[in-house]
Amino acid sequence: MGAAMRRIHVGNALSAFGLGFTVPYLYVYVAQVRGLGSVTAGLVLAVFAVAALIVLPFAGRAIVRRGPLPVLLVALVTAALGAMSLGLSASAGTVLASAAALGAGQAVMQPALATMIVDCSTAETRSRAFAMQFFLQNLGLGVGGLIGGHLVDTTSASSFTLLFAIEAAMFLVLTAVMATVRSPHAPRIEAAPGQTGGGSWKQLLGNRAMVQLCVLGFVLFFACYGQFESGLSAYGVEAAGISTSALGTALAANTLMIVVAQFAVLKFVERRKRSRVIASVGLIWAVAWAVAGYAGLGHGSQAMATAAFISTYALFGLGEAMLSPTLAPLVADLAPTGLAGQYNSAFALVKQLALAIGPAVGGPLGASLHGPYIVAFLLFSLGITVLAVRLGRQLTDVQNQPSLARSRVVTQGGAPADAVVAAEA
């Protein structure tokens, strides 16, 4: 890794570490500590999603026009102000406004950092760079949540103010670190006379492979991440009788699987077609949902049900470890020169939409309709496999399997592999 990439990875770890301090305790803080009730707490979580959906379409255009670093610095300062304000807020209005600022800042960080990784990597190093990013994010979230859990006191608002102050400090430290990054000057797209931001979106929607990847991404995030803390946890408690401590253990097993398996899985992924890797994830997650079905609908002992439920989260973690070096580099390779920021923002927008809809659909199903819930999401997982196979037909050989490339040239915008070889001849 070069100096720029090292700073980017440090930045990812710091931001995840800061988020880990507050995210697990946000509901308790708003509803109980500030005494604003469950409705306001639910609205705060909704505001995070809405803020992201509003700012991401504009973030992509700003990254293309201005570059990812200026956009990232603005997002970090906005998130720091939102976090500090949230820790000091005592009324519903200020809490919601602060959550909007924090949510918007967090949302813009994702495509900005992803674009910086693209700019600082090559076709050969990109998968490892995104795998490292995902590894550090999960490690930071886990460590931050663990430390935050020991600092928080539900009887003291000042302890939560401390958590949000630490989160804000992490964002400001990250701002200082990222301000020193000197990344390669990737091509920027200047708007032609009379052209609006809709032009680049029209170009993106005309890329059939990217559209199919966005559809696939929505199903991936809807069927996995959108269920972790809503439908699946509700199903575990109601159907399988899982205790809150066992639920925490399941979440820890998910993180541990990612941390342990990430780089071992990377060696496997780098030699396979991306479409087949994603298709394999769909099959692994189908098995995970079947195991979850046994935990809640089987007739085994409580110990067996708990072990099966924890195994479900571990299997999800294995699939996540396979996706981290696959999805983001594929988005980058599908983007035409200079439009990586636009494509990263579009994919982040799809993710946020899935994370907003997933809990709303999965929560009620998981809590009450146990059998239909498992069957539905098992079918969603098999659908991932089908969509991945179809996506593979839209990709060039090099886009689908970068290890086939004979040079360090990154083919973007759908250039076929034989064209790259011919250009070198």
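All of these numbers come straight from a predicted model, not from anything done at the bench.

Details of the overall build of the protein
Reasoning step 1: When helices and strands are counted, the protein shows 18 helices and 0 strands.
Reasoning step 2: Counting every position in the protein, which comprises 425 residues, the buried fraction comes to 52%.
Reasoning step 3: Put simply, 84% of the contacts in the protein that link residues at least 6 apart link residues at least 24 apart.
Reasoning step 4: If you sum the accessible surface of the protein, you get close to 17,400 Å²; carbon and sulfur atoms cover 67% of it.

As for the layout of surface pockets
Reasoning step 1: What the second largest pocket holds in volume is close to 240 Å³.
Reasoning step 2: In terms of lining residues, the second largest pocket is bounded by 13 residues, among which Ala123, Ser127, Glu270, Pro402 and Ser403 are the most central.

Brief notes about the nonpolar core
Reasoning step 1: The biggest cluster of nonpolar side chains holds 110 residues, and the ones touching the most others in it are Met178, Met210, Leu213, Leu232, Trp285 and Phe309.
Reasoning step 2: With near-sequence residues (within four places) excluded, Met178 lies in contact with Arg7, Ile8, Gly11, Leu69, Leu72, Leu73, Leu76, Leu113 and Met116.

Some thoughts on the pattern of salt bridges
Reasoning step 1: Enumeration according to the criterion identifies 3 salt bridges in this entry.
Reasoning step 2: Across the pair Asp333 and Arg126 runs a salt bridge, and its minimum N-O distance is 3.0 Å. Here Arg126 lies in helix H6 (residues 126-151) and Asp333 lies in helix H14 (residues 327-334), a separation of 207 residues in the sequence.
Reasoning step 3: Between Arg128 and Glu270 there is a salt bridge whose closest N-O contact spans 3.2 Å. One end of the pair, Arg128, is in helix H6; the other, Glu270, is in the loop between helix H11 (244-269) and helix H12 (274-297), with 142 residues separating them in the sequence.
Reasoning step 4: On the accessibility criterion, Glu270 (23% relative accessible area) is partly exposed.
Reasoning step 5: Here the residues in one salt-bridge network are Arg126, Arg274 and Asp333, joined through shared partners.

Concerning the side chain of Ser121
Reasoning step 1: For Ser121, the location among the structural elements is in the loop between helix H5 (92-119) and H6.
Reasoning step 2: Note on Ser121: relative accessible area 9%, which makes it buried.
Reasoning step 3: There is a polar contact of 3.0 Å between the side chain of Ser121 and the side chain of Arg126.
Reasoning step 4: Once you skip the residues sitting within four places of it in the chain, Ser121 turns out to touch Met5 and Arg126.

Side note on the confidence of the model for the protein
Reasoning step 1: In this model, the protein carries a mean pLDDT of 81, and residues with pLDDT of at least 70 account for 90%.
Reasoning step 2: Predicted confidence for residues 187-196 stays below pLDDT 50, and this span has 17 contacts to residues more than four positions away or in other chains.
Reasoning step 3: Within the model, the stretch residues 406-425 combines pLDDT values under 50 with 30 contacts to residues more than four positions away or in other chains.

Quick notes on the packing of helix H10 (residues 231-238) against helix H15 (residues 340-368)
Reasoning step 1: Packing of H10 against H15 leaves a shortest axis separation of 7 Å and a crossing angle of 10°. In terms of their interaxial angle, H10 and H15 are classed as roughly parallel. Here Gly231, Ala234, Tyr235 and Glu238 of H10 lie close against H15, whose contacting residues are Gly362, Gly363, Gly366 and Ala367.
Reasoning step 2: Of the residues assigned to the contact of H10 with H15, the class counts are 3 nonpolar, 4 polar and 1 charged.

Digging into the packing of aromatic side chains
Reasoning step 1: Considering all chains together, one arrives at 16 aromatic pairs under this definition.
Reasoning step 2: Ring plane angle 50° and centroid distance 5.0 Å describe the contact between Tyr29 and Phe164, whose orientation is recorded as tilted. Of this pair, Tyr29 sits in helix H2 (residues 26-33) while Phe164 sits in helix H7 (residues 157-178), and the two are 135 residues apart along the sequence. Like Tyr29, the residue Phe164 is buried in the burial classification.
Reasoning step 3: Taking 4.9 Å as the distance between ring centres and 55° as the angle between the ring planes, the aromatic pair formed by Tyr373 and Phe377 counts as tilted. Of this pair, Tyr373 and Phe377 both sit in helix H16 (residues 370-392), 4 residues apart, which is roughly one turn of that helix.

Focus: the environment of Gly248
Reasoning step 1: Relative to the helices and strands, Gly248 is located in helix H11.
Reasoning step 2: Taking C-alpha positions, Gly248 is 9.3 Å from Ile310, a pair spaced 62 residues apart along the chain.

Considerations on the environment of Leu379
Reasoning step 1: Looking at the secondary structure, you find Leu379 in helix H16.
Reasoning step 2: Classification of Leu379 by relative accessible area gives exposed; the value is 52%.
Reasoning step 3: In this structure the C-alpha to C-alpha distance between Leu379 and Ala286, which are 93 residues apart in sequence, comes to 7.4 Å.

A closer look at the environment of Leu349
Reasoning step 1: Note on placement: Leu349 falls in helix H15.
Reasoning step 2: The exposure class assigned to Leu349 is partly exposed, which follows from its relative accessible area of 21%.

Topic: the packing of H6 against H14
Reasoning step 1: It is at 8 Å that the axes of H6 and H14 come closest, and there the two elements cross at 135°. On the basis of their axis angle, the class for H6 and H14 is oblique. Once H6 is placed against H14, the crossing between them reads as right-handed. Mapping the contact onto sequence places Arg126, Ser127 and Phe130 in H6 and Ala328, Pro329, Ala332 and Asp333 in H14.
Reasoning step 2: Partitioning the contact of H6 with H14 into residue classes produces 4 nonpolar, 1 polar and 2 charged.

Thresholds applied
Residues numbered from 1 in each chain as written. Predicted model: local features only at pLDDT ≥ 70, side-chain atom pairs only at ≥ 80, totals over all residues. Heavy atoms only, no water. Helix = DSSP H or I, 4+ residues; strand = E, 2+ residues; numbered from the N terminus. Buried < 20%, exposed > 50% of the residue type's maximum accessible area, 1.4 Å probe, protein only. Contact = heavy atoms within 4.5 Å. Areas by Shrake-Rupley, 256 points an atom, 1.4 Å probe, with all protein chains shown as cover. 1 Å grid on protein atoms, 1.4 Å probe; cavity = no way out; pocket = protein on both sides within 12 Å on 5 of 7 lines; lining within 4 Å. Points joined across faces, edges and corners; volume = space filled by probe spheres on them. Core = buried A, V, L, I, M, F, W, Y, C linked by side-chain atoms within 4.5 Å. Salt bridge = Lys/Arg side-chain N within 4 Å of Asp/Glu carboxyl O. Polar contact = N/O pair within 3.5 Å; in protein donor to acceptor, adjacent residues only side chain to side chain. pLDDT = per-residue confidence, 0-100. Axes fitted to C-alpha atoms, helices over the stretch in contact; angles between N-to-C directions. Parallel < 35°, antiparallel > 145°, perpendicular 65-115°, else oblique. Nonpolar A, V, L, I, M, F, W, Y, C, P; charged D, E, K, R; others polar. Phe/Tyr/Trp six-rings, centres within 6.5 Å; stacked < 30°, edge-to-face > 60°. Left-handed = near helix turned anticlockwise from the far one by under 90°.

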